[in-house]
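Observations on the model geometry
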Amino acid sequence: MKKIFGVISLILWCGSLLAQEINVSGTVTSSDGATLPGVTIVVKENPTKGAITDANGKYTISVLPNQTLEFSFVGMQTQTVPVGGRTQIDVVLQESTQMIEELIVVGYGVQKKSLVSSSVSKVSSEDIEKAAPTRVEQVLQGRTAGVQVIANSGQPGEGFTVRIRGVGTNGTSDPLYIVDGMPVGGIDYLNPNDIQSVEILKDASASAIYGARGANGVVLITTKQGQKGKFSVNYDYSMGYQNAWRKVSLLNAKEYAIIMNESYANDNRPIPFPDVNAVVQAVGNGTDWQDELFYKNAPTYNHQFSVSGGNENSTFLSSLSYTYQDGIVAKGKSNYERYTYRLNSTHKIGKFSMGNNLAYTNKVTRGIDPNAEFGGPLAKAVNMDPITPVKNPDGTWGISNYATQEVVNPVAYLSVLNSNYSENKLVGNVWGELEIIKGLKAKTNFSIDYANGSSRTFVPVYFLSDIVKATTSEASGTVNKWFTWQSENTLTYNNTIGQHNFAAMVGMTANKYYHEYIGGKKNDLIFNDFEHAWINNGTDEDSYRSWGGADEHALLSYFGRVNYDFDGKYVFEGVLRADGSSNFGSNNRFGYFPAFSAGWVMSKEEFLQGFTPLSFLKLRFGWGRNGNEAIGAFKYTSLIGSGSKYTFGTDEVITLGSNPVGISNPDLKWETSEQTNVGVDARFLSDKLTFTLDLYNKKTKDLLVVAPIPGYIGNAAPTVNGGSVSNKGIEFELGYKTLINDLGINANLSGAYNKNEVLSINNSEGKIYGAGLAVGMYNICVMETGYPIAYFWGYKTAGVFQNEQQIQNYKSSDGTVIQPNAKPGDLIWVDKNDDGTIDDKDRTMIGNPYPDFTLGINLGLTYKDFDFNMFWYGAFGQEIFKGTRRYDLPMSNWDASVLERWTGEGTSNSHPRVTINDPNQNYFRVSDFYIEDGSFLRLKNITLGYTLPQKFSQKVKISKLRIYATAVNLLTFTKYSGFDPEIGAKWALDVGIDRNIYPQPRTFMFGVNLSF
């Protein structure tokens, strides 16, 4: 019995040892001896307890002596090692002979990257985390070839101009955004940290599955989901300070007085400052209005908290974030605040799966006009004379004796500027999928996009000039409601017969959009502050005004796709979509959009098997047709508008009435974009080196334009199909990834060239006129056959007249003196048509607002526990029209370049003399005098991070702790002299005009990533 009890005791003692956890330590290296950062270590018997991502190749983990560890690393063969009671385990991972297959999200599905035969670019969640952007569009800039992303301004919350493979329309050129299957009007509501991946469908064969809305490209956004067998809690925090990266050079008080005196003297008028020294004694250098307007060290900060997890049947992810950003212009009057909440989940019961993606966003924006020559505070600061003080000695606002019209004390103007915009938005979907038989699945998806936005404005009683004033207070407000619902049903089938792989998908979508708004205003408020500035606090009943309206849109679509590949070597895809849109009449209600693409994986051929440097090589070809329906509702029919004023009888009594605002065109149809794409994907040196090249030819025809009509018909011009545009280009992406001992290198280079040309415009002039500037500078941007869309249209100059003899010698071919009234110091206008007269017929192309070439450079390094990332973005070849000075207001301040003006023979051949009357229209004409090179190279982001080693973080029960420092827009190399070379588009024919753009800030940020 004693022996039996002894054996039992021994077994129990051994069992107690086996049940007791031990600490196992070790190092994970590659076959060449380099430690591997970021190895995933999983306890096989209890994966929910393990799942440790090692930071530097050295690890410590608590396990039971009889458990098993699994070590995995991208590009390496996974290795399983039994613990066997050991406390020291060193592992060497061998390179994998087969690259882990990357999956790409495409329209209504997912495909292996090796089998994708169209042009698709991807941005991963890792790229987003490195950039730490406030908006999703920021991470697309420079990281995807052929996608041009330009900040519309540096104002917090302001959007971006996104163009995929050029501009093909004079209307809306924004891409279609699809978030978790739901088309949305914009993506500013998204928290970037919630995003798993962004795929950009660039060519028509990829985007044709979205038919009527895919002509400008498609951006597919997939949000994060919870992971099976892993529960995680994450908290991210960042804070930073922002400042203007540059100020423009303006005249100080002395220089201003000298230039103004010279301007008046050149017109034989009395000078305004007879004693310049007295001006200097009174005000010194004068007021630096930029210093007064810029907010120094404007704060920005972000909090994000997320919880995720799941098991074999269900997963979930829940996140909450808060973002705040102050603007660097107009402290307290330019800021952005956003709250987001997301709940994603998936569930599986047998062969039935279901899930939801739900996002709620609340944002509040206070802002100023970010690029305006009339009302913008920056325009006032640039044009305001430096002699006027911010405040007078008695504390009242300084009012200029020289500036006129809208140019007033910008600081005083900000004190009376009160407005904000708030919006609540809910975007979500629920879906269910049933596997009917093996390979055959039916899926239904219902989505909504609901937003409620309100804007308020308060104008107090104030006086800043005879024009800029308010004699009574006013409150105004507008409430908007947007609602879109979408019902989508698809049926997919996948099958493999030997080496033949088949996939087919058919589906239908019903989508309806509705928008309504109502607003009003009233004067003479009982309270004189923004907090109480509500319409019902107004007392002047006669001043009450109201407005409102509504519009709607519906889309019914049928689509299908077939995919085939033979042994992953020969690939084919065909797509057809039919869209019916309420934007078009019964004659052309439906449009049909086909596409096909093919791929040849040459690296699988026998003749390339012996070429060891080559890992993968695929050739691609695609053709497709897309549409653009973004013209607004009811353009195909005749509409009646209200609010017109008529006079009747001898007393000419004014009567309000209605009038036609559109002539019907039942034959109106889609803009159609046809695109051909040829591409190659290659990987070399065991997948360390990757290369992608695409050549495309895109033609947009049946442009939707407003037809010119005789004036006696009134303001009722019809919308017609009348023009075509070509975009041709080349794109490349080059990547290199390797590990040298403890140093990890990940470098990526992307570039794109695009040529834009208008092929035809079906009106008598062959032109469509675009944006102007200030008073008198009309039609700066023009769309014309043979030129790029929205090119700069104006007069060319040939230098400056140096003397009277040069003026008399400047003649046309028939001997006519071209500028007989010019004086020495005036600009020489090029007589383009050689008729001896300078007029509109001499206007020509003076600049192109689109870059010839865009470039992105991304360099990532890791060394032990440190990580470093640097991202550069550049655009080259574009011009900017610098319209920052109000030349229609002669006493406006000048850019410091005026000090290089012509003052006598030989002093300047580029900058004309200064005058007040400007008889030669040196400054008043739209000319290449205002054109500057807008090329730039900018260090958009540079980050240095440090991750606490596992052996320390595990002691405090933390799976990851990383701290980092980031600088945004740290360096900018450009010849452009304005506030910022990045200038977005207000609309298609208003590109690249600088009206004193709100500059992007230079930001220094510090943050922490914490995971449990």
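Residues numbered from 1 in each chain as written. Predicted model: local features only at pLDDT ≥ 70, side-chain atom pairs only at ≥ 80, totals over all residues. Heavy atoms only, no water.

This next bit is on a nonpolar patch on the surface. Together, Val 562, Phe 572, Phe 596, Phe 621, Val 678, Leu 695, Ile 730 and Tyr 753 make up an exposed nonpolar region whose accessible area comes to about 650 Å². By secondary structure assignment, the location of Val 678 is in strand β34 (residues 671-684). The exposure class assigned to Val 678 is partly exposed, which follows from its relative accessible area of 40%. (Patch = residues over 30% accessible without salt bridge, like charges linked within 9 Å, V, L, I, M, F, W, Y side chains within 5 Å. Areas by Shrake-Rupley, 256 points an atom, 1.4 Å probe, with all protein chains shown as cover. Salt bridge = Lys/Arg side-chain N within 4 Å of Asp/Glu carboxyl O. Helix = DSSP H or I, 4+ residues; strand = E, 2+ residues; numbered from the N terminus. Buried < 20%, exposed > 50% of the residue type's maximum accessible area, 1.4 Å probe, protein only.)

What follows concerns the sheet that holds strand β4 (residues 58-63). The pairing of strands in a sheet comes from backbone hydrogen bonds and takes either a parallel or an antiparallel form. In spatial order, the strands read β4-β1-β7; together these three strands make up an open sheet with mixed pairing. One side of each edge strand has no neighbouring strand; the edge strands of this open sheet are β4 and β7 (91-93). Between one strand and the next, the sheet's axes are offset by a mean angle of 35°, whatever the strand orientation. Across six bridges, the pairing between strand β1 (residues 22-30) and β4 is antiparallel. (Pairing = 2+ DSSP bridges. Axes fitted to C-alpha atoms, helices over the stretch in contact; angles between N-to-C directions.)

Once that is clear, we can look at empty space enclosed by the protein. Per the counting criterion, the structure on display carries 12 cavities of 30 Å³ or more. There is about 190 Å³ of room inside the largest cavity. Residue lining of the largest cavity: 18 residues in total, with Gln 148, Gly 166, Asn 754, Pro 851 and Thr 854 positioned closest to the centre. Of all the elements, strand β39 (residues 743-761) adds the most residues to the lining of the largest cavity, at four residues. Residues of the lining of the largest cavity, tallied by class, amount to eight nonpolar, seven polar and three charged. Taken as a whole, the second largest cavity encloses approximately 130 Å³ of empty space. Lining of the second largest cavity is provided by 17 residues; of these, Gln 148, Ile 150, Gln 878, Pro 981 and Ile 983 occupy positions nearest its centre. Listing elements by their share of the lining of the second largest cavity, those giving two or more residues are β11 (147-151), β47 (866-876) and β48 (879-882). The element that contributes the greatest number of residues to the lining of the second largest cavity is β11, accounting for three residues. (1 Å grid on protein atoms, 1.4 Å probe; cavity = no way out; pocket = protein on both sides within 12 Å on 5 of 7 lines; lining within 4 Å. Points joined across faces, edges and corners; volume = space filled by probe spheres on them. Nonpolar A, V, L, I, M, F, W, Y, C, P; charged D, E, K, R; others polar.)

Before going further, it helps to examine the nonpolar core. Nonpolar side chains in soluble globular proteins generally cluster together in the buried interior. Judged by nonpolar contacts, the single largest core of 45 residues is most densely connected at Ile 780, Met 783, Ile 789, Phe 792, Phe 881, Trp 894 and Ile 993. Going through the elements one at a time, α5 (253-265), α6 (276-283), β39 and β41 (781-784) are the ones with two or more residues in this core. The biggest single contributor to this core is α5, with six residues. For Phe 881, the residues in contact, after removing those within four places along its chain, are Leu 773, Met 777, Ile 780, Phe 792, Val 926, Ser 927, Tyr 930, Ile 931, Gly 992, Ile 993 and Asp 994. (Core = buried A, V, L, I, M, F, W, Y, C linked by side-chain atoms within 4.5 Å. Contact = heavy atoms within 4.5 Å.)

Together, Lys 58, Lys 864, Lys 951 and Lys 955 line one region of the surface with positive charge. Structurally, the position occupied by Lys 864 is in the loop between β46 (853-863) and β47. (Lys, Arg positive; Asp, Glu negative; His and termini not counted. Charge placed at Lys NZ, Arg CZ, Asp CG, Glu CD.)

Two numbers describe how α5 lies on α6: the axes approach to 9 Å, and their chain directions differ by 155°. Taken together, the axis directions place α5 and α6 in an arrangement best described as roughly antiparallel. Here α5 and α6 pass one another in a crossing that is right-handed. For the pair α5 and α6, the contacting residues are Ala 253, Lys 254, Ala 257, Ile 258 and Asn 261 in the first and Val 276, Val 279, Val 280 and Val 283 in the second. Taken together, the residues of the contact of α5 with α6 sort by class into seven nonpolar, one polar and one charged. (Parallel < 35°, antiparallel > 145°, perpendicular 65-115°, else oblique. Left-handed = near helix turned anticlockwise from the far one by under 90°.)

The next point concerns the pairing of strand β16 (residues 218-223). Along β16, five of the six residues are buried, which leaves the element largely enclosed by surrounding structure. Strand direction decides the pairing type here: strand β15 (residues 195-201) and β16, joined by six bridges, are antiparallel. Looking across to β16, one finds that Leu 201 is bridged to Val 218.

Our next topic: the side chain of Glu 199. Mapped onto the elements of the fold, Glu 199 is located in strand β15. One buried charged residue, Glu 199, forms no salt bridge at all, with the nearest opposite charge on Lys 122 at 4.1 Å. Once residues within four sequence positions are removed from consideration, Glu 199 is found in contact with Ile 104, Val 105, Val 120, Ser 121, Lys 122, Val 218, Val 219 and Leu 220.

Once that is clear, we can look at the sheet that holds strand β14 (residues 182-184). The five strands are arranged β10-β15-β16-β13-β14 in an open sheet whose pairing can be described as mixed. Whereas interior strands pair on both sides, the edge strands pair on one side only; in this sheet they are β10 (120-124) and β14. Between one strand and the next, the sheet's axes are offset by a mean angle of 25°, whatever the strand orientation. Two strands pair when backbone bridges link them, and strand β13 (residues 176-179) and β14 are joined in this way by three bridges, in the antiparallel orientation. Counterpart to Ile 178 in the pairing with β14 is Pro 183.

Within the structure shown, the criterion is met by 33 salt bridges. Residues Glu 129 and Lys 224 are paired through a salt bridge, measuring 3.6 Å at the closest nitrogen-oxygen approach. In this pair, Glu 129 is assigned in helix α2 (residues 125-131) and Lys 224 in the loop between β16 and β17 (232-244), connecting sequence segments 95 residues apart. Lys 224 sits in the buried class, given a relative accessible area of 17%. The shortest N-O distance in the salt bridge between Lys 202 and Glu 731 comes to 2.9 Å. Taken together, the residues span a long stretch of sequence, with Lys 202 in the loop between β15 and α4 (204-207) and Glu 731 in strand β38 (residues 723-740) at a distance of 529 residues. Through salt bridges that share partners, Lys 618, Arg 620, Asp 681 and Asp 694 make up one connected network.

Quick look at the environment of Ile 518 now. Of note, Ile 518 is situated in strand β27 (residues 500-525). Remark: the alpha-carbon pair of Ile 518 and Asn 741, spanning 223 residues in sequence, is separated by 65 Å. Those residues in contact with Ile 518 that sit more than four places away from it in its chain are Gly 477, Thr 478, Val 479, Trp 547 and Gly 548.

The next subject is the confidence of the model for the protein. For the protein, per-residue confidence averages 88 on the pLDDT scale, and residues scoring 70 or more make up 93% of the total. Every residue in residues 1-18 is under pLDDT 50, and counting partners more than four places away or in other chains gives four contacts. (pLDDT = per-residue confidence, 0-100.)

On to α5, then. Look at α5: 18 Å from first C-alpha to last across 13 residues, which is about the 18 Å you get at 1.5 Å a residue. Those residues of α5 that sit buried are Ala 253, Tyr 256, Ala 257, Ile 259, Met 260, Asn 261, Glu 262, Ser 263 and Tyr 264. Where the residues of α5 are buried, they touch α6. The N-terminus of α5 is capped by Asn 252, whose side-chain oxygen sits 3.2 Å from the backbone nitrogen of Lys 254. (Expected span 1.5 Å × (residues − 1). Polar contact = N/O pair within 3.5 Å; in protein donor to acceptor, adjacent residues only side chain to side chain.)

The N-cap residue of α6 is Asp 275: its side-chain oxygen and the backbone nitrogen of Asn 277 are 3.2 Å apart. A positive phi of about 65° marks Gly 284, the residue just after α6.

Below, the discussion takes up the packing of aromatic side chains. One pass over the full model with this rule turns up 30 aromatic pairs. Between Phe 273 and Tyr 402, the aromatic rings sit 5.1 Å apart at their centres with planes inclined by 55°, giving tilted as the arrangement. Pair noted here: Phe 273 is in the loop between α5 and α6 and Tyr 402 is in the loop between α8 (377-383) and α9 (410-415), with a separation of 129 residues, a long-range link. Considering the side-chain rings of Phe 792 and Phe 881, the 6.1 Å spacing of their centres and the 50° angle between planes classify their relative orientation as tilted. Of this pair, Phe 792 sits in strand β42 (residues 791-794) while Phe 881 sits in strand β48, placing them 89 residues apart in sequence. Overall, the relative accessible area of 0% leaves Phe 881 in the buried class. Three or more aromatic residues joined by ring pairs make a cluster, and in this case those are Phe 792, Phe 881, Tyr 887, Trp 894, Tyr 923, Phe 929 and Tyr 930. Its guanidinium or amino end placed over the ring of Trp 431, Lys 443 lies 4.9 Å from that ring's centre, counting from NZ or CZ. Sitting above the plane of the Phe 616 ring, Arg 683 keeps its charged end 4.3 Å from the centroid. (Phe/Tyr/Trp six-rings, centres within 6.5 Å; stacked < 30°, edge-to-face > 60°. Lys NZ or Arg CZ within 6 Å of the ring centre and 35° of its normal.)

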